[in-house]
Amino acid sequence: MRVADEYERSAEFIDVMIAPHWAVLGPPLEEALRGITDPVVDVGAGGGHGTRVMAKAVEAEIVAVEPSPALRSVLMARVNEAAELRDRVTVLPEGLLDAELPHRLGAVVAMNVLGHFAPADRQRIWTLLAERLVPGGRAVLNLQPPTEPATVPETRSADVRLGRRRYEGWGRAEPAGPDRITWHMTYRTYHDDRLTDEVTASYDWWVLNEQQLTAELAGHDLKPARTGPAELGMYLIRRGDA
Ligand SMILES: C[S@@+](CC[C@H](N)C(=O)[O-])C[C@H]1O[C@@H](n2cnc3c(N)ncnc32)[C@H](O)[C@@H]1O
């Protein structure tokens, strides 16, 4: 089953605006995946910045799951242009829970994506990890702020220049329930500093804090441990018996 493309309007900006974040996320992710030889799943791979990090970190097969047709186009182009990706990255167009994944998994990576999954769907992800991770296998994910349903004032999150054009990404959020927020994003394009275009997009995001994550995982005999610089909110998850 294909899911609605929440990124249809913003895809052209997302990949270039998320690139600087990957300069910071890449090294700890690479470190967290060291030693993995079984297949790795990139959950919501986007344009593939993380996929590229995974390919550098491991020699294993990579399954990049990306339901947004717009972002998947970027991903396919990125995979196709690099020999080290083309030979072992399989791109799947379904949502994670509808994708046909390998039965034994070395790692599942869910960066900048967990908020797309409702609590019941998170449970299905934890079940997948408990059932399919090989001994020594792991999941790596991040919890992005806010981890509570709080209001986030309008903040500029990106400022990228390409040729004569400059692209700004702005975001604000408001609570949309006891464990959910709605993000309102605005993408502005300037040509020689003249505003030429403005695109807005909104999406729901399920929030989760460390305590809740730990409690949910415990129900599946999985344990999280912080990894990487604290401000990145990254967790390495292993089976309780590992
Ligand atoms: C903020 S982007 C992050 C992309 C990438 N992980 C990165 O960090 O560069 C979130 C991604 O999750 C994807 N996504 C949303 N729902 C999903 C689902 N049910 N299964 C897999 N991916 C999903 C979106 O299409 C989008 O590419």
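Because the structure is a prediction, the values reported are computed rather than measured.

Student: Before we go on, may I ask you to explain the UniProt feature "domain: Methyltransferase" (unreviewed entry) in the protein chain in this structure?
Tutor: The residues that UniProt annotates with the feature "domain: Methyltransferase" (unreviewed entry) are residues 40-137. Split by type, residues 40-137 is 41% helix and 23% strand. Its first and last C-alpha atoms lie 9 Å apart.

Student: What exactly am I supposed to notice about the site of the ligand here?
Tutor: Around the ligand there are 17 residues in total, and Gly 44, Glu 66, Leu 96, Met 111 and Asn 112 lie nearest to it. Asn 112 places a side-chain nitrogen or oxygen 2.8 Å from an oxygen atom of the ligand. Computed on the free molecule, the ligand has an accessible area of 590 Å², of which 91% lies beneath the protein chains in the complex. Of the residues assigned to the shell around the ligand, the class counts are 10 nonpolar, six polar and one charged.

Student: I'm lost on the environment of Met 185 in this one. Help?
Tutor: Among the structural elements, Met 185 can be located in strand 8 (residues 180-191). For Met 185, a relative accessible area of 10% corresponds to the buried category. Other than its neighbours up to four places away in sequence, Met 185 contacts Ser 157, Trp 170, Gly 171, Val 199, Thr 200, Ala 201 and Tyr 203.

Student: Is there a simple way to think about the pairing of strand 1 (residues 40-43) in this case?
Tutor: The side chains of a regular strand alternate between both faces of the sheet. Burial along strand 1 is two-sided: Val 40 and Asp 42 and Val 41 and Val 43, pointing in opposite directions, are all buried. Taken together, the four bridges between strand 1 and strand 2 (residues 62-65) define a ladder with parallel strand orientation. Paired with Val 40 across the bridge in strand 2 is Ile 62. In terms of handedness, the path from strand 1 via helix 2 (residues 49-57) over to strand 2 forms a crossover that is right-handed. Note that strand 1 and strand 4 (residues 105-110) share three bridges and pair parallel.

Student: Is there a simple way to explain the sheet that holds strand 3 (residues 89-92) in this structure?
Tutor: Strands in a sheet are paired, the pairing made by backbone hydrogen bonds, and the direction either parallel or antiparallel. Read from one edge to the other, the open sheet built from seven strands follows the order 3-2-1-4-5-11-10, with strand pairing classed as mixed. At either end of the open sheet lies a strand with only one pairing partner, and these are strand 3 and strand 10 (222-227). Direction aside, the axes of adjacent strands within the sheet are offset by 20° on average. In the packing of helix 3 (residues 69-81) onto the sheet, the strands contacted are strand 2 and strand 3, and the crossing angle to strand 3 comes to about 165°.

Student: Would you mind going over the sheet that holds strand 9 (residues 194-206) with me for this structure?
Tutor: A sheet is described by the order of its strands in space; here four strands give the open sequence 6-7-8-9, paired in antiparallel fashion. Two strands in the sheet have a free side with no partner beyond their single neighbour: strand 6 (152-162) and strand 9. Averaged over all pairs of adjacent strands, the angle between their axes in this sheet comes to 20°, without regard to strand direction. One ladder, built from 12 bridges, connects strand 7 (residues 165-177) with strand 8; its direction is antiparallel. Counterpart to Gly 177 in the pairing with strand 8 is Arg 180.

Conventions used here
- Per chain, residue numbering runs from 1 following the sequence as it is written.
- Local features in this predicted model are restricted to residues of pLDDT 70 or higher, and side-chain atom pairs are both shown and tallied only at a pLDDT of 80 or more, whereas totals for entire chains, interfaces and linings draw on every residue.
- Water and hydrogen atoms were dropped before computing side-chain values, which therefore reflect all heavy atoms in the structure.
- UniProt positions are given in the numbering used here, feature names are shortened, and annotations may be inferred rather than shown by experiment.
- Only DSSP runs of H or I covering at least 4 residues are called helices, and only runs of E covering at least 2 are called strands; the numbering of each starts at the N terminus.
- Neighbouring residues are identified by heavy atoms, a residue being near a molecule or strand if any of them is within 4 Å of it.
- In protein, a polar contact requires one atom able to donate a hydrogen and another able to accept it; more generally it is a pair of N or O atoms within 3.5 Å, and residues adjacent in sequence count only if both atoms are side-chain atoms.
- For the accessible areas, the method is Shrake-Rupley and the probe is 1.4 Å, while residue cover comes only from the protein chains on display.
- Asp, Glu, Lys and Arg are counted as charged, while Ala, Val, Leu, Ile, Met, Phe, Trp, Tyr, Cys and Pro are counted as nonpolar; the rest, among them Gly, fall into the polar class.
- Each residue is placed in one exposure class: buried if its accessible area under a 1.4 Å probe, protein chains only, is under 20% of its type's maximum, exposed if it is over 50%, and partly exposed if it falls in between.
- Residues count as neighbours in contact if any of their non-hydrogen atoms are within 4.5 Å of one another.
- At least two DSSP bridges between two strands are needed for those strands to be called paired.
- Here a crossover is taken to be right-handed if, once the strands point away from the viewer, the path from the first strand over the helix to the second is traced clockwise.
- Geometry is summarised by axes, namely lines fitted to C-alpha atoms with helices restricted to the contacting stretch, and by angles between N-to-C directions that run from 0 to 180 degrees.

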